[in-house]
There are 2 protein chains.
Amino acid sequence: MQDLSSQESVQTSIDEAVVSGILSARIRPGTRLSENEVASLFNVSRTRVREAMMRLEQRGIVKVSPRRGWFVVEPSAEEAISVYAARRVIEAGLLRSMDRLTESGCEKLQAHLAEEEAAIAAGDRQRLTCLMGDFHIRIAELSGNPILVEILRDLTARTILISLIYQSDFHAMQSHLGHCRIVASMEEGDFEKAAALAVEHLDEVETGLDLTRRPDPLADLRRSLSLPPQVPASSNASRKTKT
Amino acid sequence: MQDLSSQESVQTSIDEAVVSGILSARIRPGTRLSENEVASLFNVSRTRVREAMMRLEQRGIVKVSPRRGWFVVEPSAEEAISVYAARRVIEAGLLRSMDRLTESGCEKLQAHLAEEEAAIAAGDRQRLTCLMGDFHIRIAELSGNPILVEILRDLTARTILISLIYQSDFHAMQSHLGHCRIVASMEEGDFEKAAALAVEHLDEVETGLDLTRRPDPLADLRRSLSLPPQVPASSNASRKTKT
DNA sequence: ACGACAAATCTTGCATACAAGACAGACTAG
DNA sequence: CTAGTCTGTCTTGTATGCAAGATTTGTCGT
């Protein structure tokens, strides 16, 4: 964070800093973003921060609670469902609209899959979260359509927030395999199949969520005290003690 | 505009006023939106207007030219292509993701088609522009996904701006027939076909654009002086004197 | 008559000041 | 000891003030 306080091209860097913080899961859902604190971190006045927050709010990334503060969104169960549905629609539509995979596109995807494997091997979970989201952005980039890239970037950010709330355990390998299958189909030129696999992949991830779980207002405190992440809250959950 | 100056629930009404102005083609691409003027129209200070502009900029609806002013975007040819491509992807994906058409959904679509016909019969071009865009929003609404609705609303706004720049003549009947065909397929439950028709429909509209045309910076003045809309700008344009 | 220069005006960029409301903590009464 | 209230503090909401830059218009020189 030290590097942010020095006044660089601070133009839109507040927005980017927040988004990249979310994409890499450094910022948790419900995090409070005080105008004053952010302002002093970036050595600007509250005006600029507010403008950034307004933009981020429009993107569905933060919300304001009147006279209380700005918070990173905690998508509700319904919102989570909408986000996944939107991603299925857009990503499937995107893949189906493709007709060929360029040489360089193929290389980029392979490079990405290699990175995923490396992160899995290294057990770098934060980097993995980031990469798992980035995969879908990479695909959008192949289309060369900046509008779709932007839309999927924001949906990915929201997806990560959703995972942090509702996903109990992260099946990295399963997701990675899903990605591999999608890329394989694309290389075969079977984009219809790739689209179907993408839908299936998103379904898998969505199914892995526990949407009955409520966002935990005590998450910060809990983490600070090194308590177990959250009580499973289901009726027979107490039996599944993890020690 | 009188009704806007009275301070109602001015909360987000600036945004909505601008967007609805664009959706109904009352606001042309390139229109300057002075912070001071808008502020006095809404009886608020520049702060609120700036916030609204920031949000609208994020939505790709206005742009700021530094120290010069805010302008309704004039999408370039490439941007126009991206917008249509994005709409094809999303709308086709949306239709393909549907599996049934509810009774009430069917009624809403039919009601919309009836409105289109009424507007065609009445020759109400402004209303027609609005309805033609709204059709696609209606379809998104059927999905019940607010995220997709929002995305398509903004893309529709940009589409209308694109039409106003690049579309020489508006084939209302052709578009209406396209809509009818899409709805017919949906009623048959053949969403695959509906998706294909939607892509075809968007292709038709896009093909009808003259993307070589440049946005005319003198459009306002020209219209005020009742001059012909735009010189054809081809090499032998000077010969075509219109007196 | 035409072109260049300069000042005046108008625009946004940004910071700051003040107001209104929410929350927390202390204090008091029962 | 507990419940309720009240005040102080901290937050955002909104307006305003000033600075920097771009445009335009008026003027002057050629």
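### Structural notes on the protein's contact with DNA strand C
Inspection of the region around DNA strand C gives 17 residues, with A:T47, A:R68, B:R32, B:E35 and B:R50 positioned closest. The share of sugar and phosphate among atoms of DNA strand C within 4 Å of the protein is 71%. A:S45 is positioned with one of its side-chain polar atoms (N or O) 3.1 Å from a phosphate oxygen of DNA strand C. A:R67 is positioned with one of its side-chain polar atoms (N or O) 3.2 Å from a base nitrogen of DNA strand C. Looking at the surface near DNA strand C, the elements with two or more residues in it are α4 (46-58) of chain A together with β1 (32-33), α4 (46-58) and β3 (69-72) of chain B. Looking at the surface near DNA strand C element by element, the count peaks at 3 residues for α4(A). Of the residues in the surface near DNA strand C, the class split is 4 nonpolar, 4 polar and 9 charged.

### A look at the sheet that holds strand β2 (residues 62-65) of chain B
All names here are of chain B. With antiparallel pairing, the 3 strands of this open sheet are ordered in space as β1-β3-β2. Because the sheet does not close on itself, it has two edges, and the strands there are β1 and β2. Where β1 meets β3, 2 bridges bridge the pair, whose relative direction is antiparallel. Bridge pairing links R32 to F71 in β3.

### A short note on unusual backbone geometry
Residue and element names in this part refer to chain A. Residue A25 is not a glycine yet carries a positive backbone phi of 60°. Residue position: A25 is located in the loop between α2 (13-23) and β1 (32-33). With a phi close to 60°, R67 is a non-glycine residue in the positive phi region. Tracing the backbone through its elements, the reader meets R67 in the loop between β2 (62-65) and β3 (69-72). Exposure remark for R67: the relative accessible area of 89% places this residue in the exposed category.

About the cut-offs
- Residues numbered from 1 in each chain as written.
- Chains lettered and ligands numbered in written order.
- Predicted model: local features only at pLDDT ≥ 70, side-chain atom pairs only at ≥ 80, totals over all residues.
- Heavy atoms only, no water.
- Near = heavy atom within 4 Å.
- Polar contact = N/O pair within 3.5 Å; in protein donor to acceptor, adjacent residues only side chain to side chain.
- Helix = DSSP H or I, 4+ residues; strand = E, 2+ residues; numbered from the N terminus.
- Nonpolar A, V, L, I, M, F, W, Y, C, P; charged D, E, K, R; others polar.
- Pairing = 2+ DSSP bridges.
- Buried < 20%, exposed > 50% of the residue type's maximum accessible area, 1.4 Å probe, protein only.

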